[in-house]
Structure formats: structure tokens, C-alpha cells
Amino acid sequence: MAKQEDVFKTIIAHAKEYGFVFQSSEIYDGLSAVYDYGQNGVELKNNIKRYWWEAMTMLHDNIVGIDSAIFMHPTIWKASGHVDAFNDPLIDNKDSKKRYRADVLIEDEIAKFDEKINKEVAKAAKRFGESFDEEMFRQTNPRVLEHAKKREELHTRFSEAMNANDLAELKQIILDYEIVDPISGTRNWTDVRQFNLMFKTEMGSTADGAMEVYLRPETAQGIFVNYLNVQKTGRMRLPFGIAQIGKAFRNEIVARQFIFRMREFEQMEMQFFVRPGEELKWFDFWRQTRLKWHEALGLGNEKYRFHDHEKLAHYANAATDIEFQMPFGFKEVEGIHSRTNFDLSQHEKFCGKKIQYFDPELGESYVPYVIETSIGVDRMFLSIFCSCYEDQDLGNGDHRAVLHFPPALAPVKCAVLPLVKKDGLPEKAREIQHRLRFDFTCQVDEKDSIGKRYRRQDAIGTPYCITIDHQTLEDDTVTLRHRDSMEQERVKVADLEKILSEKVSLNNLLKKLL
Ligand code: GAP
């Protein structure tokens with residue numbers, strides 16, 4: 001466990017050192033759970049968004065995009081349920097004066113049982129070697145069974161308390177399991193109370209006072225309230241989808257794990273409107289389609305798993321998360337929900353206007369059902385960053401930090417490196433960069449030794465380095481160095497565009513989805 005924590009710390013430090021992610025307002029000692037993307041981070045993030053956007057809007061004839069405002073009429077959040085129910089259970093420790101999510105404290109306690117079980121399994125695997133039957137061990141070992149039983153008891157009690165919104169019981173669990181504040185080490189807890197996660201601000205200034213508005217906690221409602229606009233102006237027929245990428249804001253109580261849980265983050269959401277009764281068929285379609293989108297990146301299919309929700313929100317009739325193996329365990333990156341006609345019906349009720357679809361085949365009008373796919377850009381960024389980072393041992397005490405990004409997502413696609421800073425090589429490098437930069441993000445780097453420059457490009461995940469040497473001036477050929485294999489080949493300058501576009505084009509990734 002400690003080792004994984006160290007790996008994660010190294011990754012966070014690397015993200016800062018190489019211009020990917022900075023703490024917001026760092027020169028003022030930072031702002032908690034808010035981050036800025038640097039010169040390389042913004043490129044990676046834009047490439048992730050482009051991959052999602054094009055997969056949604058260009059590969060599906062029946063999906064269009066919108067860009068709705070962050071500020072929306074406050075009644076929208078009443079209708080959607082966010083004003084009344086978008087809460088987290090919160091508890092304070094009276095000694096450390098720190099605030100925690102009561103559910104997270106209990107979940108951490110549950111995870112301790114999992115750790116104990118895993119430790120027993122690891123010990124036994126070491127002891128028995130090749131002949132170890134893990135499945136059998138988990139089912140029969142008395143110590144494992146004892147931990148599993150205690151885990152189940154706590155999990156059941158916790159789920160029941162959460163489902164019943166029983167805040168007193170949540171506190172009682174914390175007391176019964178003697179959960180202590182990690183800072184003060186004491187059990188001096190306040191009662192548990194609900195905390196709404198929406199940020200509020202004021203709009204305008206009238207004699208009667210300004211209107212209280214919220215920073216949107218999800219982009220989805222901007223899609224629901226534009227359903228009629230898009231359906232009518234786009235003459236859309238069911239089934240069809242509306243996609244959107246944009247910022248969302250949540251006043252998270254416990255913000256941790258770097259950009260995994262932020263107070264300002266970005267979502268890529270798509271609402272797919274379908275005929276009532278057909279929603280589960282489409283839910284299944286989107287479950288598979290979205291997994292394929294993730295897998296096409298080639299980060300390793302074993303790093304993904306579905307987590308189907310046992311307990312569904314009252315308006316949902318199916319829900320699953322796509323989880324990714326982060327250094328701190330499998331975590332949700334994307335949610336896929338069958339939301340019935342809850343949101344559109346609520347808006348119908350609150351705005352007093354009909355939000356329906358006339359189905360020409362059935363000859364009747366109805367409120368469409370919705371399948372939602374919702375993925376966090378920042379979590380996607382984190383999952384790619386963590387799984388592509390490698391501190392690679394090159395033998396003889398040498399090593400390199402390398403980011404094995406899928407080439408289509410790499411912030412810089414190629415770097416042109418003149419071997420020496422004289423004899424016309426820098427000018428030749430510029431000439432080549434000026435040709436390539438129309439199609440590829442392309443840097444020229446002429447400082448330091450060629451070895452150091454290769455390392456710098458490896459560290460930001462540049463898939464190709466193009467080295468210009470004296471031979472280039474004679475025969476118009478260059479050395480093309482491959483990031484992952486570090487192999488080099490001699491190629492013609494005239495062929496560079498063709499070679500690079502075959503390797504780094506987003507189209508190659510998109511074609512895998514068909
Ligand atoms: N419209 C549905 C919705 O917002 P959600 O599960 O609350 O559902 C969807 O959020 C996705 O947004 C999550 O799977 C996650 O990737 C991302 N997300 C949610 N809260 C986040 C936070 N505080 N920081 C970063 N990403 C977050």
C-alpha cells in the first residue's frame with residue numbers, strides 16, 4: 001500500500017515538474033481542491049475532449065452537441081432535486097476542528113477489512129507458491145472468513161443507514177467502530193448533518209435584492225432544459241442524443257487524491273433520448289459502447305471494470321460505473337444511468353410547459369426516457385496519466401521517466417532536435433517544424449545534449465523525436481526516434497508528414513470504435 005502511495009506522489013510531482021497540473025493560486029499558498037492545467041496538461045486535456053466529442057458527434061448520426069451556460073434559472077435545481085437532495089453527510093472532529101464526510105470515514109473502515117483479507121491472501125500466496133489456489137483460500141481460510149463476515153456486517157449496517165438517510169445511525173457506526181480522527185487521534189465527534197454541495201452566488205442587483213443562483217453541479221441539466229430547442233430546430237427523431245462538455249462545481253467536503261475529486265472540474269455528458277420501454281436496450285448499448293471507447297486507448301483492458309449499482313436512485317432503473325485501476329484502487333471514472341423520464345417530467349411540472357415528443361410511428365406524444373453517459377475529464381486525465389507513467393530502468397543504473405501516452409492524445413506529437421547548435425542545423429530544424437506544425441503540435445529543442453533532450457521529450461510523452469544532423473543537409477534524411485522502444489530509423493524529410501499522420505492521428509483511434 002505504502003508503495004502505491006509513493007508511486008502516486010511521484011506521479012503528482014511529475015505532473016507539476018513537466019507543466020501538466022499546478023495547484024491553483026499556488027503563489028498564495030494554493031486553493032484547496034482546485035487545480036490549473038499547464039502548457040502540456042491543457043494539450044492532453046484538449047485531446048481527451050476531442051476524442052470524446054468526435055466519437056459522440058461525428059461517429060453517431062443522431063447525436064449533436066451544445067454548449068449551455070453555467071448559470072441557469074435557480075428553479076432548475078429545485079426541479080432536478082439538487083436543492084433538496086444533493087447533500088453529503090458531514091461530521092466534525094471537535095479537537096482537530098477538521099471536517100469529514102461521515103460516509104467516507106466508514107468506507108475507509110470497510111476498506112481496512114479488505115486490506116486485512118488481501119494481506120492474508122498475499123502471505124499465503126508467498127507460502128504456497130505455484131500450487132496456491134486463491135479462490136479456495138478465500139472461501140475456506142478461517143481468518144479471511146472472519147474478516148469477510150465483519151466487513152459484511154459493517155457494510156450492511158452502513159448501506160441501510162445511507163438508504164434511510166439515518167444520520168444518527170451513521171454517527172453511531174462511527175462511535176461503535178471506534179473510528180478516530182486521523183489528525184487528532186480522538187473520537188470527539190459532532191453529530192452528523194447534511195451539507196448541500198452546490199455553490200451559490202448572486203446575480204444582478206435590483207431594488208428587491210439580487211437573485212440567488214447556483215454554479216451548476218452537473219452539465220446534464222443544461223441538456224434537459226434545451227431538449228425541446230434541439231429537437232425542434234434540429235428536427236431530431238427519437239432515438240437521439242445531445243452531448244456537452246463543460247465545467248461543473250461542487251463544494252466537496254473531502255477533497256483528496258489530487259485531481260480525482262475537485263471543487264471545479266469538467267464533465268463530458270451525453271443524454272440519449274429514447275422511446276419509453278426501450279431504455280434498457282439502449283442502456284446496454286451505451287454500456288458496451290462506452291467501454292469500447294475506453295479500451296481503444298490501449299491502456300490495458302484489465303484496468304477497467306463495471307460496478308453495477310445495487311441500490312438505484314429513485315428515478316433510475318439501471319446504473320453502472322466504469323471504474324479504472326488508479327494507484328489508489330479501482331475508482332469511478334464514468335457513470336452510465338438509465339434515468340427514466342424523471343428529469344424531463346420534473347421540468348414539465350416546474351415550468352408548466354409540455355416537454356414531449358410526438359412519435360409519428362406510434363401516433364402519440366410522450367415524455368422521452370433518457371440514458372445518460374457522464375464522464376469527468378479530469379478523472380480521465382488522471383487515469384491516463386497514472387497508467388502511462390513509468391520510471392523505466394534502463395540498466396547500468398540508468399533510468400528514465402516516460403509517459404507512454406496513446407500517440408493521438410500526446411500533448412506534443414513530435415520534437416525536432418538539431419544535433420548541434422551550428423552549421424545550419426537549427427535553421428533546418430525550424431524549416432521542418434514550420435512544415436509540420438500545420439498538422440502536428442511540434443517543438444524545436446536545441447538546448448543541452450541530445451540525450452538530455454530525448455529524456456525531456458520522454459518525460460512529457462512525445463511519441464517521436466526527429467534529429468537533424470549533418471547528413472540531413474546532404475540528403476534530406478533525418479533520424480526518427482520512437483519514444484517507447486527508443487529505436488531509431490533513418491527516414492526522408494519528404495515522408496515525415498505521412499509517417500507521423502499514420503501514427504498519431506486521432507482518426508486511427510476513432511476507427512477502432514466502428
Ligand atoms: N449527471 C450525472 C453526474 O453528474 P456524477 O456521478 O455525480 O453524475 C459524473 O458525476 C462524473 O463526473 C463522475 O463519474 C466523475 O468522473 C466526475 N466527477 C464527479 N464529481 C467530481 C469531482 N468532484 N471532481 C472530479 N470529477 C468529478
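Described below are features of the structure shown in this document. (Residues numbered from 1 in each chain as written. Predicted model: local features only at pLDDT ≥ 70, side-chain atom pairs only at ≥ 80, totals over all residues. Heavy atoms only, no water.)

**Side note on the overall build of the protein chain**
Quick reminder of the rule: In DSSP terms, a helix is any run of H or I states spanning at least four residues, a strand is any run of E spanning at least two, and both are numbered starting from the N terminus. Contacts: residue pairs with any heavy atoms within 4.5 Å of one another. Only the protein chains shown count as cover for residues, and all accessible areas are computed by the Shrake-Rupley method using a 1.4 Å probe. Only four residue types enter the tally: Lys and Arg on the positive side, Asp and Glu on the negative side; His and the chain ends are excluded. Charge placement uses NZ in Lys and CZ in Arg. For Asp and Glu, CG and CD serve respectively.
Counting its regular elements, the protein chain contains 18 helices and 23 strands. Its C-alpha atoms give the protein chain principal-axis dimensions of about 80 × 65 × 55 Å. Counted over contacts in the protein chain with a minimum sequence separation of 6, partners at least 24 positions apart contribute 65%. As presented, the protein chain carries roughly 25500 Å² of accessible surface, and 50% of it is formed by carbon and sulfur atoms. In the protein chain, 72 side chains carry a positive charge and 83 a negative one; their mean positions are 1 Å apart.

**Some points on the site of the ligand**
What counts here: Think of it this way: one heavy atom of a residue within 4 Å of a molecule or strand is enough to make that residue near it. Whenever two N or O atoms come within 3.5 Å, that pair is a polar contact, provided that in protein one can donate a hydrogen and the other can accept it, and provided that, for residues adjacent in sequence, both atoms are side-chain atoms.
Close contacts around the ligand come from 18 residues, with E218, E252, E269, E332 and V333 the closest. Interatomic distance of 2.6 Å between a side-chain N/O atom of E269 and a nitrogen atom of the ligand. Between the ligand and the protein, one listed contact pairs an oxygen atom with a backbone N or O atom of G376 at 3.0 Å. Coverage of the ligand by the protein amounts to 90% of the 550 Å² it exposes when considered alone. No other element matches the four residues that strand β13 (residues 329-338) contributes to the shell around the ligand.

**Comments concerning a nonpolar patch on the surface**
Worth spelling out the cut-off: A patch consists of residues exposed above 30% relative accessible area that lack any salt bridge, with like charges linked at up to 9 Å and nonpolar side chains (Val, Leu, Ile, Met, Phe, Trp, Tyr) linked at up to 5 Å. What counts as a salt bridge is simple: a side-chain nitrogen of Lys or Arg found within 4 Å of a carboxyl oxygen of Asp or Glu.
A cluster of nonpolar side chains, namely F71, M203 and M211, defines an oily patch on the protein surface of about 260 Å² accessible area. Along the chain, F71 falls in the loop between β3 (63-66) and α3 (75-79).

**What about the side chain of R400?**
This is how it is decided: Remark: exposure states derive from per-residue accessible area (1.4 Å probe, protein chains only) relative to the maximum for the residue type, with buried under 20%, exposed over 50%, and partly exposed in between.
Its place among the elements puts R400 in strand β18 (residues 398-403). With relative accessibility at 1%, the residue R400 sits in the buried group. A distance of 2.9 Å separates polar atoms of two side chains, one belonging to R400 and the other to D458. Separated by 3.3 Å, the side chain of R400 and the backbone oxygen of D484 make a polar contact. Aside from chain neighbours lying at most four places away, what touches R400 is E390, D391, Q392, L394, R455, D458, R481, R483, D484 and M486.

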